[in-house]
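Below are the chains, spelled out letter by letter.
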Amino acid sequence: MRSDIGLISMLILVGSAYGAELTNWQNQREEAVFALFRPQDASRGALILQQAASQGNVDAESDLTLAMLLGMGVPQDIDAAEKSSSSLVEGGGARAHTTLGLLLAHNLTGTEMTEEKRQSQALSHYILAAMSNDPIAQILAGWHYLKVGDCDAALQYFRRAALTVIPAVPEEMKLQDSPRYVWPEDDLFAEEERMTLDEFHYVELMAQHGNADAALQTAFFLYRGMPGLPRDVRGAVGYLRQAVKENSTSAMVILSSILLRHDIPDIEEDVLGLLQTALDFGEQSAHAFLGLLYLNGFRDVPKNLAKAKMHLTQGVKLGVAEAFYLLGKLYEEEDNSGKSDEAIALWHVSASIGHVPSAFRIAERYWQELHRVATNVDNTAVFAQALCHSAVSMYHKVALSGDWHYLLESAYEDYVNGHVGTALMKYLLMSDLGYPSAHVNAGRLLDSGNNGIYNTEEALHHQAVKVWRKAAETGTDTGYVRLGDLHYYGQGVPQNLALAFMYYNNASMLGSAHGMFNAAQMVEWGEGVVQNVTKAREMYESAGELSEDSHAPITLALLRLDLFLRLNATLGLDLYAVDWSLPSLKDQGGRSFIVSASMPAWDIILMVVLAVIIIAMVALRASPAGNR
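Computed from a predicted model, the values in this text were never measured in an experiment. (Residues numbered from 1 in each chain as written. Predicted model: local features only at pLDDT ≥ 70, side-chain atom pairs only at ≥ 80, totals over all residues. Heavy atoms only, no water.)

As for the state of the cysteines
By definition, a disulfide links the sulfur atoms of two cysteine residues through a covalent bond. How we decide: Note on terminology: disulfide denotes any pair of cysteine sulfur atoms within 2.5 Å. Numbered from the N terminus, helices here are DSSP runs of H or I no shorter than four residues, and strands are runs of E no shorter than two. Here's how the labels work: a residue is buried when its accessible area is under 20% of the maximum for its type, exposed when over 50%, partly exposed in between, all with a 1.4 Å probe on protein chains only.
What the rule picks out here adds up to one disulfide. Between the sulfur atoms of Cys151 and its disulfide partner Cys388 the distance amounts to 2.1 Å. With the S-S bond torsion at -110 degrees, the cross-link from Cys151 to Cys388 turns out left-handed. You can see Cys151 sitting in helix 8 (residues 151-165) and its partner Cys388 sitting in helix 19 (residues 381-399), a full 237 residues away along the chain. Accessibility classification places Cys151 together with Cys388 in one group, the buried group.

Regarding helix 3 (residues 58-70)
Basically, it comes down to this: Helix span is expected to be 1.5 Å times the residue number reduced by one. Pairs of N or O atoms are called polar contacts if they sit within 3.5 Å, as long as, within protein, a hydrogen donor faces a hydrogen acceptor (for residues adjacent in sequence, only side-chain-to-side-chain pairs).
For helix 3, built from 13 residues, the straight-helix expectation of 18 Å at 1.5 Å per residue is met to within 8% by its first-to-last C-alpha distance of 19 Å. Of all 13 residues in helix 3, ten are buried; the element is thus mostly enclosed. Within helix 3, burial applies to Ala60, Ser62, Asp63, Leu64, Thr65, Leu66, Ala67, Met68, Leu69 and Leu70. Here helix 3 starts with a cap whose side-chain oxygen sits 3.0 Å from the backbone nitrogen of Asp59, and that cap is Asn57. Where helix 3 ends, the next residue or the one after it, Gly71, has phi of about 70 degrees, a positive value.

Some words on the confidence of the model for the protein
Which entries qualify depends on this criterion: Every residue gets a pLDDT, meaning the predictor's confidence in that residue, from 0 to 100. Should any heavy atoms of two residues lie within 4.5 Å, those residues are counted as being in contact.
Of the residues in the protein, 84% have a pLDDT of 70 or more, and the chain-wide mean is 83. Note on residues 13-20: pLDDT under 50 across the span, and zero contacts to partners over four residues away in sequence or across chains.

Regarding the packing of aromatic side chains
Inclusion rule: Classification of ring pairs uses Phe, Tyr and Trp, with its six-membered ring standing for Trp, and accepts pairs whose centres are within 6.5 Å; under 30 degrees between planes counts as stacked, over 60 as edge-to-face, and the remaining range as tilted. Whether a charge sits over a ring depends on NZ of Lys or CZ of Arg being within 6 Å of the ring centre and within 35 degrees of the ring normal.
A full pass over the atoms with the stated rule returns twelve aromatic pairs. Between the aromatic rings of Phe220 and Phe221, the centroid separation amounts to 5.1 Å while the plane-to-plane angle is 85 degrees, which identifies the pairing as edge-to-face. Between the aromatic rings of Trp525 and Phe564, the centroid separation amounts to 5.8 Å while the plane-to-plane angle is 75 degrees, which identifies the pairing as edge-to-face. Here the residue Trp525 occupies a position in helix 26 (residues 513-525), and Phe564 occupies one in helix 28 (residues 551-571), the gap between them amounting to 39 residues. Over the aromatic face of Tyr406 sits the side chain of Arg38, whose NZ or CZ is 4.0 Å from the ring centroid. In this structure, Arg159 packs its charged tip against the face of Trp367, placed 4.1 Å from the ring centre.

So, unusual backbone geometry
A positive phi angle, near 55 degrees, is found at Asn107, a position not held by glycine. Counting through the fold element by element, Asn107 comes out in the loop between helix 5 (94-105) and helix 6 (115-131). For Asn107, a relative accessible area of 29% gives the class partly exposed.

Examining the side chain of Ser248
Inspection of the secondary structure puts Ser248 in the loop between helix 11 (233-245) and helix 12 (249-261). In this structure Ser248 touches Leu216 and Ala243, once residues within four positions along its chain are discounted.

Notes on the pattern of salt bridges
Inclusion rule: Throughout this description, the term salt bridge denotes a Lys or Arg side-chain nitrogen within 4 Å of a carboxyl oxygen of Asp or Glu.
All told, the structure shown has 17 salt bridges when counted by the stated rule. Here Glu31 ties to Arg44 by a salt bridge, and the two come within 2.9 Å at their closest N and O atoms. Of this pair, Glu31 sits in helix 1 (residues 2-37) while Arg44 sits in helix 2 (residues 42-54); the two residues are 13 residues apart in sequence, bridging distant segments of the chain. On the basis of relative accessible area, Glu31 is assigned to the partly exposed category, the value being 41%. On the basis of relative accessibility, which here comes to 38%, the residue Arg44 falls in the partly exposed class. Notably, a salt bridge pairs Lys470 with Asp432, separated by 2.7 Å at the nearest N-O pair. Residue Lys470 is located in helix 23 (residues 457-473), and its partner Asp432 is located in helix 21 (residues 420-433); the two are separated by 38 residues in the primary sequence. For Lys470, a relative accessible area of 23% gives the class partly exposed. A residue is classified by how much of its surface remains accessible, and Asp432, at 13% relative accessible area, is buried. Taken together, the salt bridges that share partners define one network made up of Arg29, Asp59, Asp63, Arg95 and Asp134.

Right under this line is the structure:
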């Protein structure tokens, strides 16, 4: 009997030790994978995984396949990623399935198969990885089912990814709203919100010499973190306290918001006093954080929902983004069923500017409503589908806030440092996950032809069509312009002038001067559309109103149009019936339209030739009869 008890005790001890070791490894793995996605920490994450892999850990080996494919912390090696992932999927490595799925989806396995079969196999790997709780694979599988019209299946995958992400999301988190673009022409955001590491150190030096504005700016970047600069909340607090001493009301509000959300030992501040002082000096955003203070209570300040509602309502009236989310939370706190619709409306506002927790709360409400609808026979399938798509949209916003969103910055760094192949692979993954800027950046790198991954024009153009189509689907005018170019020249798709005109016209309706210019040329020449020179003139003029940069090409186009009409009328010619194309004329990859395929070199040459002819004609007409 005693021996049995001793054996049981030993088994319990062994099981406890194994469980503790397993938990320790899972924590290490999460830390390593999180580090992989951050440019400044990727090498450290790869080292942790390599050490575990050397001891035969399959999870670590599986994670490393994605690191090799994307060049995260290790040199990019697509062949090694394929070989290793192909071997590991047989042993059940979850992330290896994700890696192999990506290789198949982007035609990087070197195996000849139809596009349909390749995508089908990729989906099978994504599903297997998703079953093992890889959120990246869950998002990729969700997109597939959404594309084929199965919203219910897509919802399951996006929700699982969101549930994985949301526990680590700070309450104030907003998705990055100013991504970097590899082509300056695509970047619509101001550079003042961005800073290089050298610029940061210069600003920090100014802060250390007592400049309050510099201290505030330094605190902002320390709190947020940036490539090469890990997030440092305590350091941010130090600079904010310095700015507060100089009576910076912005610093008072930001410092209060940080202290209300982070437990920082040894930092004693009168948060209520700071916020009240900021409000007295006219800093209206203080209302939102006074609302947060009273909503949860803080240190010696008791919870007070009435005061919280007063401040948050005022914050909403003033348009303070944070107040919308918090007031919605307050309505939940009151457990007042009559305020449910108001809460959702408030969260929609904050979610529309990228607030992640707001998006999650809306999605969960839609999820609950879907289950209620399913039990009510009076509800229509159309209503259920509308709810499903709304929930998917919100869960997707949440899923995009996962650790992998740092790859956008990592890819840009790779591009700047000349690692174009690594940058392209990261952008392709981010495009698959649904980041709008990644569609454009992947397309630009594919258009450039110098990417180190695809060796044939056919493969390049095929991938370019896919990413530019995604860009167009998100409402990006550049996506429509490039789809127009690809269909005009028959690159990656059969040549189709009617479709090219449709895409250019779609771009013009989004305010693209480039799209309007190209559509005008097609109308002028009757390519893919009925020729109408009068309408073409109007379209050229409209393009000029859309962009100041379009003045030169539009002026030349209008001069050529007038010359053609004059010569046709004077000499009885039909210059539009002449094939002016040159055998060597090729698409220029969507460059700035002043020098792009929409304004080819022959246009300028033709202008010069025609000008010479007209000058000669005028000279002949003006010369005395005796000299003829």
